[in-house]
Amino acid sequence: MAGQQADQTIQVAGEWRPALSGATREILDPADAEPFARVAEGDERDADAAVDAARRAFDAGSWPRTPVAERAALLRRVADLLIRDREELGLLESRDAGKTVEEGRVDIDCVADAFRYFADLVTAEGPGRVVDAGSPDVHSVVVHEPVGVCALITPWNYPLLQASWKIAPALAAGNTFVVKPSEITPMTTIALLERLEEAGLPAGVANIVTGPGHSVGARLAEHPDVDLVSFTGGLVSGTKVAQAAAAGVKKIALELGGKNPNVVFADACATEEDFDTAVDQALNAAFIHSGQVCSAGARLIVEESVRERFVAELARRAGRIRLGRGTEKGVECGPLVSEQQRARTEAYVASALAEGAVLRCGGRRPEPSGTRPADGYFYEPTVLDQCHREMKVVREEVFGPVLTVETFRTEDEAVALANDTEYGLAGAVWTTDPGRARRVAGRLRHGTVWINDFHPYLPQAEWGGFGKSGIGRELGPAGLAEYRETKHVYQNLAPRPVRWFMG
Ligand code: NAD
């Protein structure tokens, strides 16, 4: 952290400072459970101060009224600064969240892309939509304005990426905000706020309060001066946030979890090359970032005729994934983010085995090694065969390196299994039959559907879920619309009396 003392990680009205209570928190490296940073542990009072600053910056400051081209130029400067500091920030994300440095670097590229995308989107827009009011004496136009003060609450798995999907459109639209990163991975969001300052964002537009969800997050969600709450995280906390925000009739956007199906038809495995691709992508879908991905392909739904061959190869390759500290060369997968997350994963695997699942690989902590300190939160990639839809591990989000296997015989059965979840974030279908690909994609009740691929997303395409995966969308034009109010301005160019009332 260049701009402030180690525990001065709360930024309010342009000033970096410690928590009002003086409390601090150690940030642990999940690869060895050792603290590598200390941050301010804010509480409700810090949240109130930050909202107050954001309110003043919105009501009386320049940012909401800054011309769009200038706002976009600032977002592009931020993207340039992120790329300038890509190595530093990629490394920081790796240490904080446990992912490999290469994943950290990719995250930073994606964050910069989000800032550039929203800069381009707002500059490409016209001044408003003129509507035909049916009279030459009326000029009627629909315009978009910023919502106001936004509370942005983010999770630990993609700390900076998830923050950027909120911060970039919020700023592009002319809002002010308070961001609360996950208490266990706040480092890169703090670093982003420093870059916003360096890019020239006026004081008070961007504010950050590091601290826990039950105090800082809960206060932001209910605060009467907050106009919009955008939350990414789990279903349980998301529900609480929605209830708090509803009491104040705030605008709300929720990006919650997923239990994402990866449907593989036998025809996608007909040649050796196709088989290899489908297995390789199923591996990536389930185990990238140790499965701590909201869109992880955690449910393999494979056609019965190819199941044994597919699962055998998948388990063989999963068993060879090189686990270790994300900053070490040659490591393919890091630890889980916390002891709590590993314990949760272990409990799900135990319940699956008790319910009759068959362990094909993993299911335990790996032996420590040179790249794997004994105290790190490592867990082996795990494949559970012979699963069925009533199992807890199939129904609930594990958020760890655990893949369940279910089988089908018909297309209808595949679709029914894939849709049998209370979530609806993402899913994939693998087939070489273009008609089937379109049919199945059309029937999947998920916010993103991949055909013969898994995981890619585009800043210009909306991201979000059906069902309990959330409310609203991030990215794309709809991801900008979340941060705007719509206003109809009707101008009568030749006013005359109405004479409805004749007295
Ligand atoms: P979490 O719900 O525990 O925490 C998310 C954030 O909410 C944190 O900043 C936390 O401090 C805060 N929080 C917790 N309780 C709160 C409360 N009562 N009021 C206000 N804020 C509160 O989630 P997590 O464990 O950090 O992240 C994992 C979850 O996030 C998974 O369920 C995952 O699927 C989801 N996720 C979804 C997406 C998506 O795009 N849909 C992306 C990433 C993660």
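A quick note: this is a predicted structure, and the numbers were derived from the prediction, not measured.

Rules behind the numbers
Residues numbered from 1 in each chain as written. Predicted model: local features only at pLDDT ≥ 70, side-chain atom pairs only at ≥ 80, totals over all residues. Heavy atoms only, no water. Helix = DSSP H or I, 4+ residues; strand = E, 2+ residues; numbered from the N terminus. Rg over C-alpha atoms; globule rule 2.2 N^0.38 Å. Buried < 20%, exposed > 50% of the residue type's maximum accessible area, 1.4 Å probe, protein only. Areas by Shrake-Rupley, 256 points an atom, 1.4 Å probe, with all protein chains shown as cover. Near = heavy atom within 4 Å. Polar contact = N/O pair within 3.5 Å; in protein donor to acceptor, adjacent residues only side chain to side chain. Nonpolar A, V, L, I, M, F, W, Y, C, P; charged D, E, K, R; others polar. Axes fitted to C-alpha atoms, helices over the stretch in contact; angles between N-to-C directions. Left-handed = near helix turned anticlockwise from the far one by under 90°. Contact = heavy atoms within 4.5 Å. Core = buried A, V, L, I, M, F, W, Y, C linked by side-chain atoms within 4.5 Å. Pairing = 2+ DSSP bridges. Phe/Tyr/Trp six-rings, centres within 6.5 Å; stacked < 30°, edge-to-face > 60°. Lys NZ or Arg CZ within 6 Å of the ring centre and 35° of its normal. Salt bridge = Lys/Arg side-chain N within 4 Å of Asp/Glu carboxyl O.

**Regarding the overall build of the chain**
Tallying secondary structure elements over the chain gives 15 helices and 20 strands in all. In terms of overall dimensions, the chain is globule-like: its C-alpha atoms have a radius of gyration of 24 Å, near the 23 Å expected for 503 residues. Considering only C-alpha atoms, the chain reaches an extent of 85 × 55 × 40 Å along its principal axes. Split into buried and exposed, the 503 residues of the chain put 56% on the buried side. For the chain, the accessible surface area stands at approximately 20,300 Å², while carbon and sulfur atoms represent 51% of it.

**Re the site of the ligand**
Near the ligand you find 28 residues, and of these Thr-154, Glu-183, Ser-237, Leu-256 and Glu-397 are the closest. At 2.7 Å from an oxygen atom of the ligand is found a main-chain nitrogen or oxygen belonging to Thr-154. Within the contact set of the ligand, a nitrogen atom lies 3.5 Å away from a side-chain nitrogen or oxygen of Glu-255. When the ligand sits alone it has 850 Å² of accessible area, and the protein chains cover 89% of it. Of all elements in the fold, only α7 (213–222), β10 (228–232) and α8 (235–247) reach the threshold of two or more residues within the shell around the ligand. Looking at side-chain class alone, the shell around the ligand contains 12 nonpolar, 11 polar and five charged residues.

**Observations concerning the packing of helix α5 (residues 159–172) against helix α6 (residues 187–198)**
One way to put it is that α5 packs onto α6 with a least axis distance of 9 Å and a crossing angle of 35°. Considering the relative orientation of α5 and α6, their crossing is right-handed. Contacts between α5 and α6 involve Pro-159, Leu-160, Ala-163, Ile-167 and Leu-171 from the first element and Thr-188, Thr-189, Leu-192 and Leu-196 from the second. Here the residues of the contact of α5 with α6 sort into seven nonpolar, two polar and no charged.

**As for the nonpolar core**
Ranked by internal contacts, the top residues of the largest apolar core, which has 93 residues, are Phe-115, Ile-167, Leu-196 and Phe-310. Once residues lying within four places of it in the same chain are set aside, the contact partners of Leu-196 are Val-78, Phe-115, Ile-167, Leu-171, Phe-177, Leu-201 and Ala-206. By size, the runner-up hydrophobic cluster in this structure holds 25 residues, among which are Val-51, Val-216, Val-229 and Val-241.

**Details of the sheet that holds strand β12 (residues 261–264)**
Spatial strand order, β14-β15-β16-β13-β12-β17-β18: seven strands in an open sheet with mixed pairing. The sheet is open, and its two edges are formed by β14 (358–361) and β18 (448–451), each paired on a single side. Strand-to-strand, the axes of this sheet are offset by a mean angle of 20°, without reference to chain direction. Bridge count between strand β17 (residues 426–430) and β18: four bridges; the pairing is parallel. If you follow Val-429 over to β18, its bridge partner there is Ile-451. Packed onto the sheet, helix α13 (residues 411–419) meets β12, β13 (299–303) and β16 (402–408) and runs at close to 150° relative to β16.

**Quick notes on the sheet that holds strand β5 (residues 129–131)**
One open sheet accounts for three strands, arranged β5-β6-β20; its pairing is antiparallel. Looking at the sheet topology across the chains shown, the edges are occupied by β5 and β20 (484–492). Across the sheet, the axes of successive neighbouring strands diverge by a mean angle of 25°, strand direction being ignored. Relative to strand β6 (residues 138–146), β5 is paired through three bridges, and the arrangement is antiparallel. Bridged to Val-131 within β6 is Ser-140.

**A look at the environment of Asp-46**
In this structure, Asp-46 sits in helix α1 (residues 44–60). In this structure the C-alpha to C-alpha distance between Asp-46 and Gly-204, which are 158 residues apart in sequence, comes to 14 Å.

**Concerning the packing of α1 against α7**
One can describe the packing of α1 onto α7 by two numbers: an axis separation of 8 Å at closest approach and a directional angle of 40°. Classified by chirality, the crossing of α7 by α1 is right-handed. For the pair α1 and α7, the contacting residues are Glu-44, Ala-47, Asp-48 and Val-51 in the first and Ser-215, Val-216, Arg-219 and Leu-220 in the second.

**A few points about the packing of aromatic side chains**
On inspection of all chains with the given rule, the structure shows eight aromatic pairs. A centroid spacing of 6.4 Å and a plane angle of 40° characterise the contact between Trp-450 and Trp-463, whose relative ring orientation is tilted. Of this pair, Trp-450 sits in strand β18 while Trp-463 sits in the loop between β18 and β19 (470–471), and the two are 13 residues apart along the sequence. Considered together, Trp-450 and Trp-463 belong to a single accessibility category, that of buried residues. Cluster of aromatic residues (ring-pair linked, three or more members): Trp-165, Trp-450, Phe-454, Tyr-457 and Trp-463. Positioned above the aromatic ring of Tyr-158, the side-chain terminus of Lys-99 is 3.7 Å from the ring centre. Of note, Arg-309 hangs over the ring of Phe-275, and the distance from its end group to the ring centre comes to 3.7 Å.

**Focus: the pattern of salt bridges**
The tally for this structure, following the rule as stated, stands at 51 salt bridges. One salt bridge in this structure joins Glu-41 and Arg-25, with 2.9 Å as the shortest N-O distance. One end of the pair, Glu-41, is in the loop between β4 (34–40) and α1; the other, Arg-25, is in strand β3 (residues 24–29), with 16 residues separating them in the sequence. Take Glu-41: its relative accessible area is 16%, and that puts it in the buried class. Since its relative accessible area comes to 23%, Arg-25 is described here as partly exposed. With its nearest N and O atoms 3.9 Å apart, the salt bridge here joins Glu-304 to Arg-307. Each of Arg-84, Asp-85, Glu-88, Glu-194, Arg-195 and Glu-198 takes part in a single network of salt bridges with overlapping partners.

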